[in-house]
Structures are given as C-alpha cells and as structure tokens.
Amino acid sequence: MTMTTRREVMALISGALASTTLGSRAFAEGAPKKGGTLRISAPANPSSLDPATGGAGSDHAFLFTMYDTLTEWEFDTLKPKPGLAESWKFTDPTTLVLNIRAGVTFHDGTPLDAEAVKFNLERNRSDAKSNIKADLLSVTAVEVTGPQQVTLKLKTPDTALPGISPTAPA
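Being a predicted model, the structure only gives us computed values, none of them experimental.

Rules of the game
Residues numbered from 1 in each chain as written. Predicted model: local features only at pLDDT ≥ 70, side-chain atom pairs only at ≥ 80, totals over all residues. Heavy atoms only, no water. Pairing = 2+ DSSP bridges. Helix = DSSP H or I, 4+ residues; strand = E, 2+ residues; numbered from the N terminus. Axes fitted to C-alpha atoms, helices over the stretch in contact; angles between N-to-C directions. Contact = heavy atoms within 4.5 Å. Salt bridge = Lys/Arg side-chain N within 4 Å of Asp/Glu carboxyl O.

1. Side note on the sheet that holds strand 6 (residues 139-146)
Backbone-to-backbone hydrogen bonds join strands into a sheet, with any given pair of strands oriented parallel or antiparallel.
Now for step 1: Read from one edge of the open sheet, four strands run 4-5-7-6, paired in antiparallel fashion. Bordering the open sheet on either side are strand 4 (85-92) and strand 6, each of which pairs with just one other strand. Strand-to-strand twist across the sheet, computed as the mean angle between neighbouring axes with direction ignored, equals 20°.
Now for step 2: Of the strand pairs in this sheet, strand 6 and strand 7 (residues 149-154) are connected by six bridges, and their pairing is antiparallel. Across the sheet, Glu143 pairs through a bridge with Thr151, a residue of strand 7.
Now for step 3: The strands touched by helix 3 (residues 114-126) are strand 5 (95-100), strand 6 and strand 7; relative to strand 6, the strand with the most contacts, the crossing angle is about 170°.

Put into structure tokens, the structure is as follows:
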C-alpha cells in the first residue's frame, strides 16, 4: 500500500477546486444599473477632472482613461496617429485642417461635431485656468469649415501641433 503525502493531497484538492471553478459558469450580478460608487486606489487624488485645468502630472492617469484626444501617438515612434480627428493635413504652412470622426457621442448622447471641437479648443486657448494654453499659442483662429471639419489658422508654422493633442471631453 502506498502512502499519500500531505503535499500530494493538497495538490489534488487544489486541482479539483480549480477544475470546478474554471469549468463552471461565472455568476452574473444581473443587468447593469446606474449609480453606485466606484472606488479606486491611487497614489494621489487628481487636482482636477477637467482636462483643460488638470495640473498635476498624476492627473494624466485619470484623464486619459476618461477622455479621448484629437490625436493619439504611436508608442514606438511617438508620431501622431488618428484619435477623435480621423485625419488632418496642412493645406499651407499656417493652416491645419482636422477631420473629426463621425459617430462619436459625449457621455450624455450629444454628438461630437466640429462645433464641439471648436468650443473645446477655444476654451483651452482662453480659459484663465487652462494648463494647455501655452501649447496652443501658435493658433490664432479656430473655424468650423464643415459639420465634421475644423480649420486652425496659425501665427507661424507649427508641425508639432497634431502631436500636442488637446483632450476633448467625449
């Protein structure tokens, strides 16, 4: 007769529990419902949940999960890539045309359009509390040139502007 060691018994029990847990269906808690409390752990509270006024470096961990940006970037090259602006081009050295992605809505269901992008860019340029105002100093005017198109007029050429990517609360 062979003796079973304690280690072997524990391995058998662990294996049996794992197989029943992995083999069974997860228990759903019912249909999602509004309300409640989301608790998170972070090294610091955000200074603001407003992307224009968030000033602490740690705010980005919160803001980038809550808001989309006009452009994003490729992590390997840091080159700008489409975000809420599905495409952009410089029609001349001081004119940048942004084509805004269709079908995007804000949290309240309002569609994202050129007017909303203009509003956010103008607010980011002029709000006294804006922390990204300096990034937009080259912009002299923001014009709606189509339902999903915004044209930025610049003081001087600024090819880095698409990489700055101001956030838009969408």
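The structure having been displayed, the exposition proceeds.
2. Quick notes on the pattern of salt bridges
Now for step 1: Throughout the structure, instances matching the rule amount to three salt bridges.
Now for step 2: Asp50 serves as the salt-bridge partner of Arg123, at 2.3 Å between the closest nitrogen and oxygen. Taken together, the positions of Arg123 in helix 3 and Asp50 in the loop between helix 1 (6-23) and helix 2 (59-66) put the pair 73 residues apart, joining distant regions of the chain.
Now for step 3: Because the salt bridges share partners, they merge into one network encompassing Asp50, Arg123 and Asp127.

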